[in-house]
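Topology and contacts: notes
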Amino acid sequence: MSKSNLPVCLDKDDDKEIIKELFSSLDYASFEMMSKNLHLLIILLDTDLVLRFANKNFYELVGWSKNDILNKDYVKQFIPPRLRLFVHSTVTAILAKKSTSYSGSNEVITRDRGVRYINWNAVHLCRENGDTYGILCLGLDITNHHNLDDILNRVDLEKNLLLHAISEPVIYHDPDGRITWANRAFLEATNLNLDGVLGSHLRQVLEYPGEGSLKFAPLKLPGEPGHEEVVKLPDGHYWLSKSYPLRAQDVNPYQLMMILHPTDRFDEKKAQLRQGAGLAGEGDASRYAACKLGAGCDRILFHSKTMLEVQKLAQVIHQDRTIPVLIEGETGVGKEVIARYIHYGETGNDIPFVDINCAAITPTIFESELFGYEGGAFTGGRAGGQKGKIALADGGTLFLDEISEIPTSIQAKLLRVIQERDYYPVGGLGKRKADLRLICATNANLAECVEKGSFRKDLFYRLEAIRIYIPPLRDRAEDIMPLAEMFLRNIAKQKNKKFTSISPEAANILLNYPWPGNVRQLRNAMERVVVMWDEKELKPERLNFLEMNKGGKISQPEAPVDTFNSRLALPSGGLDLKVLNDKIIKQALARHGGNITQTAAYLKLSRRSLSYRLKQMDGEE
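Notes on the structure in this doc start here.

Calculation rules
- Residues numbered from 1 in each chain as written.
- Predicted model: local features only at pLDDT ≥ 70, side-chain atom pairs only at ≥ 80, totals over all residues.
- Heavy atoms only, no water.
- Buried < 20%, exposed > 50% of the residue type's maximum accessible area, 1.4 Å probe, protein only.
- Helix = DSSP H or I, 4+ residues; strand = E, 2+ residues; numbered from the N terminus.
- Pairing = 2+ DSSP bridges.
- Phe/Tyr/Trp six-rings, centres within 6.5 Å; stacked < 30°, edge-to-face > 60°.
- Contact = heavy atoms within 4.5 Å.
- Expected span 1.5 Å × (residues − 1).
- Arc of directions from axis to C-beta.

Another aspect to go through is the pairing of strand S18 (residues 437–442). Across the 6 residues that make up S18, a large majority, 6, are buried. Alternating residues of S18 divide into Arg437, Ile439 and Ala441 and Leu438, Cys440 and Thr442, and every residue in both groups is buried. Direction of pairing for strand S11 (residues 325–328) relative to S18: parallel, over a ladder of 4 bridges. Across the sheet, residue Ile327 finds its bridge partner in S18, namely Ala441. Here 4 bridges tie strand S15 (residues 397–401) to S18, and the two strands are oriented parallel to one another. Across the sheet, residue Thr397 finds its bridge partner in S18, namely Arg437.

This is how it looks when you write it as structure tokens:
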């Protein structure tokens, strides 16, 4: 055989005739000598992936004769079973001209030399009319090339070989969510090109139901391979994503692979519940969650490592209603939100959730509020008596907020409810069963309260069986921007304003502010912005009210020293004293970053009195 007539399909018309002429005049003997010197492997496959030609180098490599392997299925004969599907799909795509060229590596089975690693390059073979009748493959045995560049190139080539061939969209991204690679199926599904995708954040391309397209939201890295989430592509279709951390030596993942699977059975409300950690938003799309978890309870997004740990613990506690729970943390961190999550779990339920702010109820009526009373128990009571909070929470959860403020006279009776699961109503002689879950919360140090004698030691030890500590917002900065964006959008939607995003400069201000009032203060800040302005993007100048001094508190102009020592100028048209009192309380609360204890001391009020007034103000709003 001296010549080979192998017409080759090229993109440039000017080159076609030249290459055809060169191939038609090719001296095969000299070509074979060149390929032997270069250790070049040459094979030709037809459209059925049957081996139609191979050079001597290939026969020598695999250890079989021409008669043994020619006209055999190449994939079945030479490819290991675990790779056959991927190789078959890849070569089929080349033949169908879905890929105009091919360069990649795969394993080839040999007779006596084990599995060899071959780097292949392929090109279409076409008839005059342009129909493909096969592919010509040129390969190099790189099994013994152990330097780092060869290894990395081999891995990269194999990734392209396998992942471009499959029909599911695939993305590689770093732990920060920046896309480092995407396969052909993903680019087709998003109608994007690779250059436009590389370096983009996942949240610029994908939407996570329940969060919206939160550009600043940190990714929740999967702890286990196969972690599933529902995502939404720009065309409006939903996909089920599965993420796989790619690790070296079991250290933190240097990148992650996400595979998308089509899903036609998707409940967006449940996805909001699951991916938003199951806690209700105000006026946003998660009406289902708001209905189940109670009005006025903001949805919280779990992104920081500490809050993900809180979430896992809350999920475990949700399964057992018999053990009391103590939630600790500063004012405004979201203790009640976590309590509701423990109660409702991720799917919601219809059993009662009853809450009491212990600091807002005066000691004289606390017992009747908690345990209820029988008719005629005291003057002024209802003739038929009244159910207490324990009875109202029957079968559900009783949440005691500010537990450190509960009167000492009630603490022993509460301990009996926990231990014996029964109680007596005020003025009653019959024992009542208490079938409930008890969750308590406090921003005080209960151990110190025990030492001071204001809190019973036995009750403290009973409550601390399960303790959850919610760190302040300043210690989990990765939660700030997701929460800020959620609050901004929800409130803007309620008030028919335009706000949808936060500028990077404004985000920098929010991230560097210490948030002494925690999540509550962050929400109030977003509400103030929405009330005062109506723009699409939150700009840094709209956050001037967050100016701080070195101590991290909000700067407030100092009132003149003699403000209240001199005669006040009263308006001639009359004055609403309650409105004035409310304004003073709000300003004092803002001055102290939402800290109730400091505000009460500033106003010369007891903490209980201030909490009671704040509750009245909230009810009126």
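The next subject is the packing of aromatic side chains. Counting across every chain of the model gives 10 aromatic pairs. Arranged with centres 5.9 Å apart and planes meeting at 35 degrees, the rings of Phe371 and Tyr423 form a pair that is tilted. Taken together, the residues Phe371 in helix H15 (residues 363–371) and Tyr423 in strand S16 (residues 422–423) connect sequence positions 52 residues apart. Across the pair, exposure class does not vary: Phe371 and Tyr423 are buried alike.

So, on to the environment of Pro540. Structurally, Pro540 can be placed in the loop between strand S21 (537–538) and helix H23 (577–591). Beyond its immediate chain neighbours, meaning those up to four positions away, Pro540 contacts Ser503, Glu505, Ala506 and Ile509.

Bringing helix H17 (residues 408–420) into the picture now. With 13 residues, H17 should cover 18 Å at 1.5 Å per step; its first-to-last C-alpha distance of 19 Å lies within 8% of that length. Here H17 has its buried residues at Ile410, Gln411, Leu414, Leu415, Val417 and Ile418. Viewed along the axis of H17, the buried residues span an arc of 155 degrees, placing them on a single side of the element. The inward-facing, buried residues of H17 abut H15, helix H16 (389–392), S15, S16, S18 and helix H19 (457–463). Positive backbone phi, at 60 degrees, marks Arg421, one or two positions downstream of H17.

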